[in-house]
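Remarks on the overall topology
Listed below are the residues making up each chain.
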Amino acid sequence: MNNTATRMIRSEEITIDMRICTILAGGKKPGEVYFAAIAPDMELTVITLDEAPDILPCFDESDASIHFPDTSLLLCYNPAQVLKMAGKRYLTGPVILVRANMDGNFISLTIDDVYRFQKFLASHSVTLMADDQKLPCICIV
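Now for a description of the structure that goes with this document. (Residues numbered from 1 in each chain as written. Predicted model: local features only at pLDDT ≥ 70, side-chain atom pairs only at ≥ 80, totals over all residues. Heavy atoms only, no water.)

**Focus: the overall build of the protein chain**
Secondary structure assignment for the protein chain yields 3 helices and 12 strands. Looking at the protein chain as a whole, 38% of its 141 residues qualify as buried. Taking the contacts inside the protein chain whose residues are at least 6 apart along the sequence as the reference set, 45% of them involve residues at least 24 apart. About 9,000 Å² of surface is accessible on the protein chain, with carbon and sulfur atoms providing 49% of the total. (Helix = DSSP H or I, 4+ residues; strand = E, 2+ residues; numbered from the N terminus. Buried < 20%, exposed > 50% of the residue type's maximum accessible area, 1.4 Å probe, protein only. Contact = heavy atoms within 4.5 Å. Areas by Shrake-Rupley, 256 points an atom, 1.4 Å probe, with all protein chains shown as cover.)

**Points about the pairing of strand β4 (residues 42-48)**
Direction of pairing for strand β3 (residues 34-39) relative to β4: antiparallel, over a ladder of 5 bridges. The residue bridging alanine 36 from the neighbouring strand is valine 46, located in β4. (Pairing = 2+ DSSP bridges.)

**As for the packing of aromatic side chains**
Tallying each qualifying case throughout the model produces 5 aromatic pairs. Where phenylalanine 35 meets phenylalanine 59, the ring centres are 5.8 Å apart and the plane angle is 50°; that geometry is what we call tilted. Of this pair, phenylalanine 35 sits in strand β3 while phenylalanine 59 sits in the loop between α2 (52-55) and β5 (65-67); the two residues are 24 residues apart in sequence, bridging distant segments of the chain. Judged by its relative accessible area of 0%, phenylalanine 35 is buried. (Phe/Tyr/Trp six-rings, centres within 6.5 Å; stacked < 30°, edge-to-face > 60°.)

**Let's talk about the nonpolar core**
Ranked by internal contacts, the top residues of the largest apolar core, which has 19 residues, are Leu91, Val95 and Phe117. If you list the elements that add at least two residues to this core, you get β3, β6 (73-76), β9 (95-100) and α3 (111-124). Ignoring sequence-local partners within four residues, the contact set of valine 95 consists of Ala36, Ala37, Ile38, Leu75, Cys76, Tyr77, Phe117 and Ile138. Of all hydrophobic cores here, the second largest spans 12 residues; its members include Ala52, Ile55, Leu56 and Ile96. (Core = buried A, V, L, I, M, F, W, Y, C linked by side-chain atoms within 4.5 Å.)

**A short note on the sheet that holds strand β11 (residues 125-130)**
Note: strands within a sheet are paired through backbone hydrogen bonds, in either parallel or antiparallel orientation. The 4 strands are arranged β7-β8-β12-β11 in an open sheet whose pairing can be described as antiparallel. In the strand order of this sheet, the two ends are held by β7 (82-85) and β11, each with one partner. Between one strand axis and the next, the sheet turns by 45° as a mean value, whatever way the strands run. In this structure, strand β8 (residues 88-91) lies alongside strand β12 (residues 133-139), joined through 2 bridges in antiparallel fashion. Note on β12: the bridge partner recorded for leucine 91 is isoleucine 138. (Axes fitted to C-alpha atoms, helices over the stretch in contact; angles between N-to-C directions.)

**Some remarks on the pattern of salt bridges**
Inspection of every chain in the model, using the stated rule, returns 1 salt bridge. A salt bridge links aspartate 113 to arginine 99, with the nearest nitrogen and oxygen atoms 3.5 Å apart. Here arginine 99 lies in strand β9 and aspartate 113 lies in helix α3, a separation of 14 residues in the sequence. (Salt bridge = Lys/Arg side-chain N within 4 Å of Asp/Glu carboxyl O.)

**Points about α3**
One turn of the α-helix equals 3.6 residues, which is why residues spaced by three or four share an orientation. Between its first and last C-alpha, α3 extends 20 Å over 14 residues, near the 20 Å set by a 1.5 Å rise per residue. For α3, every residue scored as buried is listed here: Asp113, Val114, Phe117, Gln118, Phe120 and Leu121. Projection of α3 onto a plane perpendicular to its axis shows the buried side chains occupying an angular sector of 160°, all on one side. Every exposed residue of α3 that faces more than 90 degrees away from the buried side is listed here: Asp112, Ala122 and Ser123. (Expected span 1.5 Å × (residues − 1). Arc of directions from axis to C-beta.)

What follows is the structure, encoded as structure tokens:
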């Protein structure tokens, strides 16, 4: 039997693609900084610092981010793509997960960081409906 399916790591309801694990666990290019990105039309993926502006054009210009408590993780987003409804805020566009060191410089994510982000997405992802259209969002309250 030929098994060509992509291998996954599963823990409870959290799934991390093996390609992400491979890159973050040892397939990194020396000196390259890796982030995670997700968008309504894109699955969670690992990107480099150079690719970030292609996914989130305001990445270099904006300081709009959410800090994950007790971590050095930041969720960067475009403030123009925040929907406010019923007292809550929803991110409707692409987001990039970054990690910063004590000096504020970006450093590569770890597998644990991606796992923590997946857990966050599992509990904060929402699909809103408008005119029979589905809008995948991340609720940031």
